[in-house]
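Secondary and tertiary structure notes
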Amino acid sequence: LPLFDEAGGMTALRARSLELTGRLYELLDKLPGLTIITPADENQRGTQLSVYVPGHRPDLEHQLSAAGLIVDYRQDNLLGGDGGVLRLAPAPLYATMEEVERAVEILAKELAPSIVEFKSDSYTHLRAHETPEQLVCRLLLDKKNKDYIT
């Protein structure tokens, strides 16, 4: 097809797929409470990543769609709980790295309250996902505590 030729052929598309999916994997792996069930080895996966999301979330796909993120979500019993599997696939033919990063931002924002309740790995991990409002509050609190100590 001419479209694939314009994109540089299948070798170029596979290389782009590895870049996009690799970055998506890296960013998703930093979100607390999620479990990536797609192999970490890029040679054993395609463009799609499957992520186990804990908790019963029948409206998750709709919430993410309303926020601008098109995904597939299926309730599942993979880990013996009531969670589900979220499937994300950055299309190498047209997706950008910025869109991959934005997708993870949207996902983190939509899942933030429930993920943090489910599993908070560490203070540093939580700080990586704080909102600008939380950052301002934390910085003011840090300043207040330092002023009080000195």
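These numbers were taken from a predicted model, which means no experiment stands behind them.

Re the nonpolar core
- Leu28, Leu64, Leu69, Leu86, Leu88 and Leu107 are the most contacted members of the largest nonpolar core, which totals 26 residues.
- Looking at this core, the element that brings in the most residues is helix α4 (residues 97–118), giving 7 residues.
- Setting aside residues up to four positions removed in sequence, Leu86 forms contacts with Leu49, Ser50, Val51, Val53, Leu60, Leu64, Val71, Asp72, Tyr73 and Leu107.

Observations concerning the sheet that holds strand β3 (residues 72–75)
- One open sheet holds the 4 strands; their spatial order is β1-β2-β4-β3, and the pairing between them is antiparallel. If you trace the sheet from one side to the other, it starts and ends with β1 (35–36) and β3, each paired once.
- Summarising the sheet, strand β2 (residues 49–53) and strand β4 (residues 84–88) pair through 5 bridges and their orientation is antiparallel. Across the sheet, Tyr52 pairs through a bridge with Val85, a residue of β4.
- Helix α2 (residues 9–28) contacts β1, β2 and β4 of the sheet and is inclined by roughly 15 degrees relative to β2.

Things to note about the pairing of β4
- Taken across its 5 residues, β4 has 4 buried, putting it largely inside the fold.
- Alignment of β3 against β4, held across 4 bridges, turns out to be antiparallel. Residue pairing for β4: Arg74 is matched across the bridge by Val85.

Digging into the side chain of Asp72
- Along the chain, Asp72 turns up in strand β3.
- In this structure the side chain of Asp72 is engaged in a polar contact, spanning 2.6 Å, whose partner is the side chain of Arg87.
- Every residue in contact with Asp72, bar those within four places of it in the chain, is listed here: Glu61, Val85, Leu86 and Arg87.

Re the environment of Arg102
- Inspection of the secondary structure puts Arg102 in helix α4.
- Linking Arg102 and Gly68, residues 34 residues apart in sequence, is a C-alpha distance of 9.6 Å.

Considerations on α2
- Spanning 20 residues, α2 covers 28 Å between terminal C-alpha atoms, matching the ideal 28 Å at 1.5 Å per step.
- Turning to α2, its buried residues number three or more, namely Gly9, Leu13, Ser17, Leu20, Thr21, Leu24, Tyr25, Leu27 and Leu28. Across the axial projection of α2, the buried residues extend over an arc of 160 degrees, all falling on one side.

A look at the side chain of Ser17
- Relative to the helices and strands, Ser17 is located in helix α2.
- If we skip the residues at most four places from it in the chain, Ser17 touches Gly22, Thr47 and Pro92.

A word on the confidence of the model for the protein
- Chain-level statistics for the protein give a pLDDT mean of 78 and a share of 71% at 70 or above.
- Below a pLDDT of 50 lies the segment residues 116–130, which in the model reaches 19 contacts outside its immediate sequence neighbourhood of four places, other chains included.
- Counting contacts from residues 132–150, a segment whose pLDDT is below 50, to residues more than four positions away or on other chains yields 5 contacts.

Things to note about the layout of surface pockets
- Each pocket or cavity is described by its volume, and for the second largest pocket that value is around 370 Å³.
- Within the residue set of the lining of the second largest pocket, elements represented by two or more residues are β4 and α4.
- By residue number, the principal contributor to the lining of the second largest pocket is α4, which donates 5 residues.
- Classifying every residue of the lining of the second largest pocket by side-chain character gives 13 nonpolar, 2 polar and 4 charged.

The rules behind these values
Residues numbered from 1 in each chain as written. Predicted model: local features only at pLDDT ≥ 70, side-chain atom pairs only at ≥ 80, totals over all residues. Heavy atoms only, no water. Core = buried A, V, L, I, M, F, W, Y, C linked by side-chain atoms within 4.5 Å. Buried < 20%, exposed > 50% of the residue type's maximum accessible area, 1.4 Å probe, protein only. Helix = DSSP H or I, 4+ residues; strand = E, 2+ residues; numbered from the N terminus. Contact = heavy atoms within 4.5 Å. Pairing = 2+ DSSP bridges. Axes fitted to C-alpha atoms, helices over the stretch in contact; angles between N-to-C directions. Polar contact = N/O pair within 3.5 Å; in protein donor to acceptor, adjacent residues only side chain to side chain. Expected span 1.5 Å × (residues − 1). Arc of directions from axis to C-beta. pLDDT = per-residue confidence, 0-100. 1 Å grid on protein atoms, 1.4 Å probe; cavity = no way out; pocket = protein on both sides within 12 Å on 5 of 7 lines; lining within 4 Å. Points joined across faces, edges and corners; volume = space filled by probe spheres on them. Nonpolar A, V, L, I, M, F, W, Y, C, P; charged D, E, K, R; others polar.

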